[in-house]
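# Examination of the molecular architecture
One-letter residues, chain by chain:
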Amino acid sequence: MGLLSFAIWTPIAFGCMLLLMGREEDVKAVRWLALIGALAGLAVTLPLYTGFEVGTAAMQFVEKAPWIGRFNVFYHLGVDGLSFWFVPLTAFITVIVVIASWQNITERVNQYMGAFLILSGLMIGVFSALDGLLFYVFFEATLIPMYLIIGIWGGPNKIYAAFKFFLYTLLGSLLTLIAIIYLYIQSGGSFDIQAWHQLPLSSTAQTLVFFAFFAAFAVKVPMWPVHTWLPDVHVEAPTGGSAVLAAIMLKLGAYGFLRFSMPIAPDAAREWAWLIIGLSLTAVIYVGLVAMVQKDMKKLVAYSSVAHMGFVTLGFFIFNDLGVSGGIVQMIAHGFVSGAMFLCIGVLYDRVHSREIAAYGGVVNTMPKFGAFALLFFMANCGLPGTAGFVGEWMVILAAVKFNFWTGLAAATALIWGAAYSLWMFKRVYLGAPGNANVRALKDINGREFLVLGLLAVATLYMGIYPKPFTDVMDASVAQLLQHVAQSKLH
Amino acid sequence: MIDNISWLAVYPEIVLLVMGCVIALVDLGVASSRRTATYVLTVLTLGVVAALEALYATSGNTFYGWGNMVVSDAMGNWLKCFAALAMIATLVYGRPYAADRDMLRGGELFTLAIFATLGMFVMISANNFLVIYLGLELLTLSSYALVALRRDHEASVEAAMKYFVLGAMASGFLLYGMSMLYGATGSLDIGEVFKAINAGQIRHQVLVFGLVFIVAGLAFKMGAVPFHMWIPDVYHGAPTAVTLIIGGAPKLAAFAVTIRLLVDGLLPLAIDWQQMLAVLAIGSLFVGNVMGVMQSNLKRMLAYSTISHMGFMLLGLMSGVVNGQVDAATAGNAYSSAMFYVVTYVLTALPAFGVIVLLAREGFESEEIDDFAGLNQRSPLYAGVMAVCLFSLAGIPPLVGFYAKLSVLQALVASGSGFNIALAVYAVIMSLIGAFYYLRVVKVMYFDQPLTASTVAAPMDVRMVLTFNGALVLVLGLLPGGLMALCTDAIVRALAS
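First, a word on what this report is: a plain description of the structure on this page.

What counts and how
Residues numbered from 1 in each chain as written. Chains lettered and ligands numbered in written order. Predicted model: local features only at pLDDT ≥ 70, side-chain atom pairs only at ≥ 80, totals over all residues. Heavy atoms only, no water. Helix = DSSP H or I, 4+ residues; strand = E, 2+ residues; numbered from the N terminus. Rg over C-alpha atoms; globule rule 2.2 N^0.38 Å. Buried < 20%, exposed > 50% of the residue type's maximum accessible area, 1.4 Å probe, protein only. Phe/Tyr/Trp six-rings, centres within 6.5 Å; stacked < 30°, edge-to-face > 60°. Lys NZ or Arg CZ within 6 Å of the ring centre and 35° of its normal. Pairing = 2+ DSSP bridges.

The helix and strand inventory of chain B stands at 20 helices and 4 strands. Against the globule reference of 23 Å for 497 residues, chain B gives a C-alpha radius of gyration of 21 Å, in line with a compact fold. Its C-alpha atoms put chain B at 70 × 55 × 40 Å along the principal axes. The buried share among the 497 residues of chain B stands at 64%.

See below:
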């Protein structure tokens, strides 16, 4: 067992332990065990950081063992600069979610915590799998805990949302499965992703493979116009579910573009880049505008997620290192910021039981500490310099301007929309005189909530002020990826 | 005259036959209404037979007995081993239910189960048309009687009637097709038939005529569309414990017979039966998945799901031959994927029916999907087992059902024909529709509020076997390599001989 295996299986083992605990078990014990599991999961990812060798594009911490002999499938793990950051990020968000759900989940706590821990391990598996089938298994397996999380602990319309989530993403993934099988056969019986990168494919084959992968990843990101499941799911999901969904799960799709679509079908990727860029810009501009008119806080943040993820795909498909790195940085930053935004909404929802913007007003008067945190995250969400949100957006816009001035200009308008909907919502919810009796009765955040938001605030500021550790790690891998994509597979 | 009797080939069958009679006799002296002695004896017999078959299978010899009437090869041995194990699980799950409904009064359940198993064994090891037919009739006659076990229960009797009439018709089809082939080739021996057809002296029309009837008969027995009409009614009408019996192990026998007849005997006609199987598969996938969505009764839903799974399995079977060219590697790949599919299907369907049986309290058939409301709050363990099985049937990794679908899809795509790739895409879209109804049951169990607060109690043996069976679905999902290798090996050796 290597480090990555520990990172994957530690939370899953704790999750299974939680599931096996009976209902008569003390809720307190369940919570503590979940926290220990999440912390252990985070602890085992830390040696990855110290051991990671910067400046090489090679896969690191590689583990390889035969898994399914008949199909030549390997339990093959490894991380490079493209995937490295998502391993600790996932473990970190899991700790946050466990602490944030400490008191507001009272029903079937062991199953709730167990589902999150298992989900955490599975997502780390997605980011570290180097075998196509292993990737697919992890990618799909995440559906089961998420489906249950939405369906059991969600809001009034949870069942509709759970089905929509499951079936939308399953449809995308099934088409991807065909592509994976096709590549397996084309490569003469190998599921090795890195071998697939070298596979010569005809123009037609590349186009088909590209779109088969696109089906899964675009739905997961989600890109406009297949994003409609996201707002529904966010509105219904419990706070922890929304946070994990926005912070990590959406990244699985974006990561798929980097690991599969671009290197395996580089010619198709370049040929169809205009389409992705067009869809991304639509997401950035149109969905940004849609976000502005939302009345529900969660919906607003959900649409804002779609817009922000548009930046990520935009960055990837303009094919220069600044754009790709910017996209990855944006993924990490969005993980912190959107996770924090959903947790903020959760804090308010726990107290007032409403997500309507109109139900609030002047919250900062009664919850000054909370208001300060919220302001920071709102600022990060609209890309204020000095926060994590700024770095990625700035890199992508810069890259877009280099690529084509008008594309850059269009992308840059997102900063305006982002500022508009973020600040307007902030004004309506937090500023002014207390809007009603509910708000006047609010109590400020307790120590536990302070800890959760504080951790995320530190991460957001750290990444905004000193992003070098984040970008350094990915430089070599991004350069290699772009070099690879620049070479045509058609001869 | 029969030369080369080779008793070794039929030891397990002899054990079953003798013990079937012994159990029937012993049962006369058993007074308890739960028939514990008979039950233990039956399970022990099946256990011994399963062990015996596993021993044969691992020794890896292929040999013929009874003047080539029966064959003992790795494929058959493993299928018989699994069938016996499946029957054990079936009886463990079904006994409390049967006892509650006074179905154990005469102990016929166990004797009939043994004879049904014997029928399957004969079918699986048959190397001769007539032996196949004998085995098939032994199995189906036992099943008719089992379905009618609750004489006073109207639905059961009606189901038994339907089953009998349609089953007899199917047997007629099969027999008619066999007689056509006998007329054309002059032999009932599968190997001889193969040689005669391969020699190419026989008029194609005659062969295809016989083939059509054989495929129709097999499709009837398997429940493939358009010969599926009896499946939902019989699954629904039969006492749930009996639904378990007919919905589980016999699938393995049906698979074996299909391989023996179509591959061992009629491979030279592959290009003809391939098309028929493709049509059956397309229809089964459509009807099974689309009709399944409309069901509110869980047993009917699982019946339609069976139809769709048989369709998927047929896809694996039909992809072994490309453009009439027989290639050992492609064929082995395709047939082993089908075998893996059917084995894992039985493994997964059993606990699903097992939970239904478990939930059926006395006088209350818990078979509407809504009866499962909030099961997770009442009994997390059983809800968990059921959820694992349903996700597996839907083909979601990391459960074993995913690898079954994967291996069939892989066989389809690997065959390289454009039509097969289109079929793979079609199958994938159909399974998405299927996923909807499995998810709906999970939804009812996990998201809905329970109607009663009572927890589900189960005897120790049921709880253990059910948990083990459910865990196996998950564990084989994490480590499917062994079972896959076993299927490949069995098929490769069966084809080589």
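Read on, since the account is not over.
Further remarks concern the packing of aromatic side chains. Scanning all chains against the criterion turns up 68 aromatic pairs over all chains. A centroid spacing of 5.8 Å and a plane angle of 5° characterise the contact between Phe213(A) and Phe217(A), whose relative ring orientation is stacked. Placement of both Phe213(A) and Phe217(A) in helix H9 (residues 203-220) is noted, with a separation of 4 residues, approximately one turn of the helix. Just as Phe213(A) is buried, Phe217(A) falls in that class too. For the ring pair Phe373(A) and Phe450(A), a centre distance of 5.2 Å and an interplane angle of 70° mean the geometry is edge-to-face. Residue Phe373(A) is located in helix H17 (residues 368-381), and its partner Phe450(A) is located in helix H21 (residues 447-465); the two are separated by 77 residues in the primary sequence. For Phe373(A), a relative accessible area of 11% translates into the label buried. What makes Phe450(A) partly exposed here is its relative accessible area of 38%. Note that Arg95(B) overlies the ring of Tyr39(B), its terminal NZ or CZ placed 3.9 Å from the centroid. The lysine or arginine in question, Lys405(B), covers the ring of Phe312(B), its NZ or CZ lying 5.1 Å from the ring centre.

Two faces belong to every sheet, and in a regular strand the side chains alternate between them. Residues and elements named next belong to chain A. Sheet topology places strand E1 (residues 60-68) next to strand E2 (residues 73-79); 6 bridges connect them, and they run antiparallel. Bridge pairing in E2 links Glu63 to Leu77. The loop that links E1 with its antiparallel partner E2 comprises 4 residues; one of these, Asn72, has a positive phi angle of about 60°.

Attention now goes to the environment of His153(B). All names here are of chain B. The topology assignment puts His153 in the loop between helix H5 (129-147) and helix H6 (154-185). Taking relative accessible area as the criterion, His153 reaches 27% and is therefore assigned partly exposed. Through-space distance from the C-alpha of His153 to that of Pro239 is 9.0 Å; in sequence the pair is 86 residues apart.

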